[in-house]
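What follows is each chain in one-letter form.
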Amino acid sequence: MKRFRSSTGPKFTSSFTKAPSTQQCQKCLQYGHYTYECKGGRVYNARPTRTQQLHKPTKRIQVEVPEEFLSKKGLAAKILKEKEEERQRKKEEKDKKRNKKKRRRRQCIVFIFRIITRTKLEQEQQHQQSILQLVSFVAIVVQLALEIAFAHFSS
Ligand SMILES: [Zn+2]
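Here the residue index of a chain counts from 1 through its sequence in written order. Local features are withheld for residues below a pLDDT of 70 in this predicted model, meaning they are given only at 70 or higher, and side-chain atom pairs are given and counted only at 80 or more; totals for whole chains, interfaces and linings count all residues.

1. Quick word on the overall build of the protein
Link 1 in the chain: Each helix corresponds to a stretch of at least 4 residues labelled H or I by DSSP, and each strand to a stretch of at least 2 residues labelled E; elements are numbered beginning at the N terminus. Helices and strands together make up the secondary structure of the protein, namely four helices and zero strands.
Link 2 in the chain: The helix and strand sequence of the protein, counted from the amino end, reads α-α-α-α.
Link 3 in the chain: Remark: C-beta atoms are placed from the backbone, and a residue is labelled buried if 20 or more other C-beta atoms sit within 10 Å of its own, exposed if 12 or fewer do, or partly exposed between those counts. Counting across all 155 residues of the protein, residues that qualify as buried make up 0%.
Link 4 in the chain: Contact between residues is assigned whenever the C-beta positions, reconstructed from backbone atoms, fall within 7 Å. Counted over contacts in the protein with a minimum sequence separation of 6, partners at least 24 positions apart contribute 6%.

If you want it as structure tokens, here you go:
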């Protein structure tokens, strides 16, 4: 244990001492080895200071917004209007259907009414005809009676 204390590196020698290719050395900033294995020299990575970063105008993130959401003002009104329109459309459709049903019902009623009136008319006509027949029968009987009476009186 004593010989490892003074130096960096693995405490135990194992079979996988090789660094993966994603491992970056913090000394030379190369990949593929650990820092304690580094044989390269120290490199300086120049980065912008915080002040420089703050002075640099940052690019604003542009979020793609659908056009309907761009004008916040009329959004609620727009949605309400659309809903109202849809409701109106549905109502009109319903009314149309109802009207169709009504018309059909009315046609049916008219048809039945016609049949009833026709039968009534026919009945009336038949009635009149029977009355006429009765009247003509009575007339014939009266005529016969009169003829008989005349014959009786004349003889
Ligand atoms: Zn290195």
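2. A closer look at unusual backbone geometry
Most of the time, phi is negative for any residue but glycine, and the peptide bond is trans.
Link 1 in the chain: Of note in this structure, Leu29 is not a glycine but carries a positive phi near 65°.
Link 2 in the chain: Here Leu29 shows up in the loop between α1 (2-5) and α2 (50-55).

3. Here's the deal with the confidence of the model for the protein
Link 1 in the chain: On average, residues of the protein score 83 in pLDDT, and 85% of them reach the 70 mark or higher.
Link 2 in the chain: When the elements of the protein are averaged for pLDDT, α1 gives the smallest value, 52, and helix α4 (residues 75-154) the largest, 89. In predicted models, pLDDT denotes the confidence assigned by the predictor to each residue on a 0 to 100 scale.

4. Description of α4
Link 1 in the chain: Look at α4: 114 Å from first C-alpha to last across 80 residues, which is about the 118 Å you get at 1.5 Å a residue.
Link 2 in the chain: Of all 80 residues in α4, zero are buried, a share of ten percent or less. In a helix, the anticipated span is given by 1.5 Å times the number of residues less one.

5. Points about the environment of Tyr31
Link 1 in the chain: Among the structural elements, Tyr31 can be located in the loop between α1 and α2.
Link 2 in the chain: Other than its neighbours up to four places away in sequence, Tyr31 contacts Ser21, Thr22, Gln23 and Gln24.

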